[in-house]
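# Topology and contacts: notes
Now for the letters of each chain:
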Amino acid sequence: MPKILVFYYSRTGNTEKMANAVAEGARNIGSTEVEMEYHVDADDLNRFDAVIVGVSTYHHDMPMDVKLLFEEAAEKGINLKGKTGAAFGSYGWSGEAPKLVLEIMKNKFEMVITESPLLARYMPDQNSLTLCRELGKRVSETLIHEA
Ligand SMILES: Cc1cc2nc3c(=O)[nH]c(=O)nc-3n(C[C@H](O)[C@H](O)[C@H](O)COP(=O)(O)O)c2cc1C
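This text gives an overview of the structure that appears in the document. The structure presented is a predicted model; accordingly, all values stated were derived computationally and were not measured.

Turning next to unusual backbone geometry. Here the phi dihedral of His59 falls at roughly 55°; this positive angle occurs in a residue that is not glycine. Secondary-structure assignment places His59 in the loop between β3 (50-55) and α2 (64-75). In this structure, Glu110 is a non-glycine residue whose phi angle is positive, near 55°. You can see Glu110 is positioned in the loop between α3 (97-107) and β5 (112-113).

Structure representation (structure tokens):
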């Protein structure tokens, strides 16, 4: 069964709400295994066919925890080539973090990126949460079709 990791960083809970909705959408498909984590080690990433990252934007950047994870994965030579990657996150006014994450996934780790960064301004509203569920669902469906 294809495995999906949804991991996220959230300081005030906004991106966490999005993460819950993404995981819910991915789980609804039923034929994938979905794990949701607040913290992962670089070695954990290998176990998944898709990695969906939730990151809020602080100081025009992605959170340090997520940066360090990618640093560790690069240092250890973790092979993520061909795995599916996606990113989402809450923001206030500029919202760079999900885009930065996708850039690293694509250019450094050669992951397959099929989704644009999904953003919600501050606390996600119902419409944003629907978009999050749909994102999770699409990623899940992609893996099932590839399996
Ligand atoms: C100190 C500080 C710096 C921030 N910097 C940015 C920023 O550069 N760009 C942006 O879009 N939002 C910025 N924000 C807004 C947060 O991204 C926003 O509050 C978001 O909803 C937080 O999501 P979270 O609860 O998942 O951490 C900043 C917020 C704080 C408190």
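One simple way to see leftover space: roll a probe sized like a water molecule over the atoms. This model, assessed by the stated rule, comprises two cavities of 30 Å³ or more. When its volume is computed, the largest cavity comes out at roughly 90 Å³. Going through the elements one at a time, β1 (3-9) and α2 are the ones with two or more residues in the lining of the largest cavity. The class makeup of the residues in the lining of the largest cavity is seven nonpolar, one polar and one charged. In this structure, the second largest cavity spans a volume of roughly 40 Å³. Residues of the lining of the second largest cavity, tallied by class, amount to eight nonpolar, no polar and no charged.

Let us now look at the site of the ligand. Residues in close proximity to the ligand total 18 residues, the closest being Ser10, Thr12, Thr57, His60 and Ser90. Trp93 places a polar main-chain atom, nitrogen or oxygen, 2.9 Å from an oxygen atom of the ligand. For the ligand, the accessible surface in isolation is 650 Å², of which the surrounding protein chains cover 83%. Counting atoms within 2 Å of the grid points, the majority share of the ligand lands in the largest pocket. Here the shell around the ligand is composed, by residue class, of four nonpolar, 13 polar and one charged.

Thresholds applied
Residues numbered from 1 in each chain as written. Predicted model: local features only at pLDDT ≥ 70, side-chain atom pairs only at ≥ 80, totals over all residues. Heavy atoms only, no water. Helix = DSSP H or I, 4+ residues; strand = E, 2+ residues; numbered from the N terminus. 1 Å grid on protein atoms, 1.4 Å probe; cavity = no way out; pocket = protein on both sides within 12 Å on 5 of 7 lines; lining within 4 Å. Points joined across faces, edges and corners; volume = space filled by probe spheres on them. Nonpolar A, V, L, I, M, F, W, Y, C, P; charged D, E, K, R; others polar. Near = heavy atom within 4 Å. Polar contact = N/O pair within 3.5 Å; in protein donor to acceptor, adjacent residues only side chain to side chain. Areas by Shrake-Rupley, 256 points an atom, 1.4 Å probe, with all protein chains shown as cover. Sits in = over half its atoms within 2 Å of the grid points.

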